[in-house]
Structures are given as structure tokens and as C-alpha cells.
Amino acid sequence: MLDKLKLSIVFGIFFLVFSCGKKDVISTEGRGFLSEKAMVVTARAEASKIGLLMMEKGGNAFDAMVATELALAVAYPFAGNLGGGGFMVYRLADGSSGSIDYREKAPLAATRDMYLDEKGDVIQGLSTLGALAVGVPGTISGVFAVHEKLGSLPMEEILAPVIELAEKGVIVTENQERRLSNSRPDFIKVNGENTLFAREFKANDTIKYPALAQTLRRIAKNGKEEFYKGETAHKLVDFIQSKGGIITLEDLASYEAKWRDPILFQYKDYQLISMAPPSSGGITLAQILGMLEPFDLAGMGHNSPDYIQLLTEAERRAYADRNYYLGDPDYVEIPVSQLLDRDYLKYRMESFDSEKATLSSEISQGQIQFVESDETTHYSIVDQFGNAAAVTTTLNGAYGSKLYSDELGFFLNNEMDDFSAKAGVPNMFGLIGAEANSIAPGKRMLSSMTPTIVEKDGELLMVVGTPGGSTIITSVLQTILNVVEFGMTMQQAVNAPRFHHQWMPDYINFEPEGFDKATLEALKQKSYIINEGYTPILGKVDAILVLPDGKLEGGADRRGDDVAVGF
């Protein structure tokens, strides 16, 4: 009997490790978790498993997207959400592609100068903490739009395991304990001492979300209208307004997710599909890769001083353009074709000098003639039918505005900070905005989210994305280059140390302990300013690579609790 018990334990452990795809299970070739047909990679195992369950039931990537998105609101409230928004880029098995924008919007009562004092100066904290920082949430509209157009399983069946997860609860990890502890003073400041997250949660504690389960039950029964016009909408508006916010029932009732054409562009032999504005990700990524294409990156060596310098200079110029030209395309005209024009990108790099740094003070937006972001989460999905989805969703800051509805069971975003509160004044990520991203009623704020799909020879190759605020674009960039230029496995590409530059402030951030002193010293000799103070983790990439034999390799970022699962 004892031997049988030992044997069952061994097989149980074997099954758990290989079916859950834990991120530390890497083959001798340096590959991440492998699966034959379908895969989900997310920030938490619970969400990955629920997404995969939809495909095991015969559903597709888009059923998995809905389940994963809402499961992250339970398992990863740091960024997963009902009270935020996001973007999805997809590619169907037949090669066709598209994207959906369920980004938050400014309330109808929002005004251009709502975060400025009588002197015209930005009031610190007003756009980041509390109810006035909240944009109109888009997540529920987004998942229902995806389900209606592309899903196959009944919504009630998709939501059932998410509701069960909310009721049973989620075990706190060490990473989550640290995040909750760091934000606890703000939770109490915004919500009072009786809120759920005023409690001190420790690793291995279980957090249950009965209120969220009830909210999800109403949504499962009544559909999208429950969140935007029903009982949930009324409770949400009453709560936000009681805390000093300006979102109304009209704001919720008028919200719609929007299907948009993605940004399509070439890099050497690769075709990339990425998110269009109001995400800055696709255009900025395309600009950087367009500036890099004439250079021999592989010959420079991975993360060598020359490689870092070249990427820094391309990033510097692309972010300057981003901050000036990009905004909500429904409100401003964006010169997309001009920004991606090969001659224009060549012109932008004419001032590049391999011997020394270009000062950001000497770089502004390029002159174009035309007529008339860390605290996010990304997940990647490939299904057994050949469909792929790259999805990035966010509350903006860690736990968003820190405003938590104990009655409804979820956090609200602080996406209003992604607008330019005042031209030339940096937001929480240090990004400086201009007129194109100024606040206006009903307008979507600019984002750095960069969900991206890569093709090679007309076939699916990679699904990739990351959280990380303004570092999202450069983290996605480096992960893609790690594979296509340096031949890394997906896991190696995700694990590799990263660096970041965004025009202003004029310094390079390096991931801690990822770069040797000789490399940094070589860059200093060329007058680059190295941020030698605190540097946060640069992105947390979750990606999938299609191997030559058709198998899928998951790259689940070692920097978090991220997990790849598949069958």
C-alpha cells in the first residue's frame, strides 16, 4: 500500500510539472515549456490553466482569451482587471489578422486642465491616486466583443471556472505579498481601514473574492449590459462618485470597444503585426526596427556596447516622435505612413555617430509634412486550430488608482495619467506628452502596450508582449531581436537581460546585475548617461515560439510568477 502511495505521488508530481509548464522546467537545449498543439502563457498559473481549459473543451484561442482575461482579475489584481482596459492583436489560422481596442476613455466631464492648479501647475497625485484618476473601463466590452466575433463556447461556460476561482480563492505568492505590502498604505488612504486589502496578506495565505464572484455571476447572466447599464453599473458609478470621481452612467452606457486595423510592417524577412493607436506600441516598434534594419546587429554581438548604443539611438528618435505625434486616432490625425516611411527613418538616423552619444536635448520630433504603459500584464495564446492572440491589459499603475470596490470586488484604473496633463510635463513613467495626447471628453489616452505577432514566410512564428509602462516597447523589441538576430530559444530570449531608453529623461536604464562593468564603462566613454540608481525590472515578457517541427515553446518570464501551460 505504501509503495503504491509513493508511486502515485511520483506520478502526481510528474504530471503537475509537465502539464502546468512551470517556468523552471527547461530542457537541456535551453528551451522553455513545450507543447504539441496549444499553449497559454500568463502572469499566474491559475489564469494560464483556465485559459487552457477552454481549448481542452474544444474552444479556440478567443474563448481562452476571455477566460484568461477575467481569471487574471482574480489571480493577478496587480494588473488583471474588470476595471481597466487593453488591446488584443490576433492572427487567424488562414493568415488574416486584426486587433481590438478596449482602452479606457476619459469621462465626459473630463477637462483639459483638470489636473492643474490655479497657477497652471500639475497637482501631484491627482491623476494617479483615487477616484479622479479613473478612466471609463473597457475590459468587459472588449471580452464580449471578442467573444461575439471570434468565440465559440457559451459565455456561461467560459465564466464558470473564473467564478469558481474567485470563490475558492488564490494563494498569495512571495512576489504578491511584496506588492500588496508596498501598496497597503495607499489602499488604506484611498479606501479606508475596512477595505479587503487593508489586511496584511502573507505568502501562502488564500485571498477569496466572493464579491467579485457575484459580479461575474451577474455578468454571465445578463451579458455586457450588466456592467455598463445594469445593477453593476449603478453600483460602480455610485461608488466612484462617492469617492470624488466624475464617471457617470452615461459614460458607461456609451462605452464601446473598437475593432481597428493593426500596424503591419516588415523587418528583413519577417512580417510583424502589432497594435495601432491609441497604442503607441506598433508604430514605435516599427520605427525602431526600420532604423535598425540597415545595420548588422548579429555582427555587433548581443548586448555589446555597439549594439546597446545603436538601439539606444534608434529608441531615442522613435520615442521623440511618439511623444509628439501619437494620440487617439479618433481625435487627432496621425501621420502613420510618413512615420514609417523608409526614407524618413533613414533621415532620422543621419545624425547617429558611432563614436559618441547624441544628446536628447538635440533631438526633437522629426519634421513631417502631412495633410490636415510595469504595471500591466500580457498573455500569449496559440490554439490547436492555428489561431493566435497577443493580449496586453492594464490598470496602468500597480493596482491602478488603488481604488477598490469591496461591494463589486475589483480595482479601478488610473489611466487618466496616460494623458498629457500638461504639455512637456512627464507622467508616472517619465513620458512627456504633447497636444496630440491632451485630455478631452470621451478620448482614449495614449498607451505603450505592444501586443505583437511575428510571421516568417507567411507562417506564424511568435506571439509576444509584456507589461512595463514605457519600457514595454523596448522589451518587446529586444525579445524579438534575441530570436530573429541571435537565434535564441523563446525562453532564452525572455530571460536575457534588458535595457531601456525613451528620449527623456536622457539616460539608459539597465536591468540590475545583467550587464558587466566593462560594457557600462565603454558607453560612459561615449558620453552616455547611465542610470546608476534604482532601476526596476524592464518588462515581464510572456511569449510563444512556433518551432520548425510545429511544436510550441513557451517563454514564461523568470522575473515573476509567470507560467506556460499547454497540450
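Preceding this paragraph is the structure being described.
Presented here is an overview of the structure given in this document.

Conventions adopted
- Residues numbered from 1 in each chain as written.
- Predicted model: local features only at pLDDT ≥ 70, side-chain atom pairs only at ≥ 80, totals over all residues.
- Heavy atoms only, no water.
- Helix = DSSP H or I, 4+ residues; strand = E, 2+ residues; numbered from the N terminus.
- Buried < 20%, exposed > 50% of the residue type's maximum accessible area, 1.4 Å probe, protein only.
- Areas by Shrake-Rupley, 256 points an atom, 1.4 Å probe, with all protein chains shown as cover.
- Phe/Tyr/Trp six-rings, centres within 6.5 Å; stacked < 30°, edge-to-face > 60°.
- Lys NZ or Arg CZ within 6 Å of the ring centre and 35° of its normal.
- Expected span 1.5 Å × (residues − 1).
- Axes fitted to C-alpha atoms, helices over the stretch in contact; angles between N-to-C directions.
- Parallel < 35°, antiparallel > 145°, perpendicular 65-115°, else oblique.
- Left-handed = near helix turned anticlockwise from the far one by under 90°.
- Contact = heavy atoms within 4.5 Å.
- Nonpolar A, V, L, I, M, F, W, Y, C, P; charged D, E, K, R; others polar.

For the protein, the helix and strand inventory stands at 18 helices and 20 strands. Sorting the 567 residues of the protein into buried and exposed places 62% on the buried side. Entry remark: accessible area of the protein is about 21,300 Å², with carbon and sulfur atoms responsible for 52%.

This part takes up the packing of aromatic side chains. Across all of its chains, the model carries 24 aromatic pairs by this definition. With 5.1 Å between their ring centres and 80° between their planes, Phe 187 and Tyr 399 make a pair best called edge-to-face. Note on Phe 187: relative accessible area 1%, which makes it buried. The lysine or arginine in question, Lys 149, covers the ring of Trp 259, its NZ or CZ lying 4.2 Å from the ring centre. Above the face of the Phe 78 ring, Arg 179 is positioned so that its terminal group lies 4.8 Å from the ring centre.

Glancing now at helix H4 (residues 139–150). One turn of an α-helix holds 3.6 residues; hence residues three or four places apart share an orientation. For H4, spanning twelve residues, the distance from its first C-alpha to its last is 16 Å, which sits close to the expected 16 Å at 1.5 Å a residue. Within H4, ten of the twelve residues are buried, leaving the element largely enclosed by the surrounding structure. For H4, every residue scored as buried is listed here: Thr 139, Ile 140, Ser 141, Gly 142, Val 143, Phe 144, Ala 145, Val 146, His 147 and Leu 150.

Packed helix pairs are characterised by how far apart their axes lie and by the angle those axes make with each other. Two elements in contact, helix H11 (residues 281–292) and helix H13 (residues 305–325), have axes separated by 9 Å at closest approach and are oriented at 140°. Considering their axes alone, H11 and H13 lie oblique with respect to each other. With respect to the hand of their crossing, H11 and H13 are arranged in right-handed fashion. Residue-level inspection shows Thr 284, Gln 287, Ile 288, Met 291 and Leu 292 of H11 in contact with H13, the latter providing Leu 310, Leu 311, Ala 314, Glu 315, Arg 317, Ala 318, Tyr 319, Asp 321 and Arg 322. Its residues assigned to classes, the contact of H11 with H13 shows eight nonpolar, two polar and four charged.

To continue, consider the environment of Leu 92. Residue position: Leu 92 is located in the loop between strand E3 (85–91) and strand E4 (97–102). Each C-alpha atom, one on Leu 92 and one on Leu 150, is 9.7 Å from the other, the two residues being 58 residues apart in sequence. With residues near it in sequence (within four places) discarded, Leu 92 still touches Phe 62, Leu 150, Gly 386 and Asn 387.

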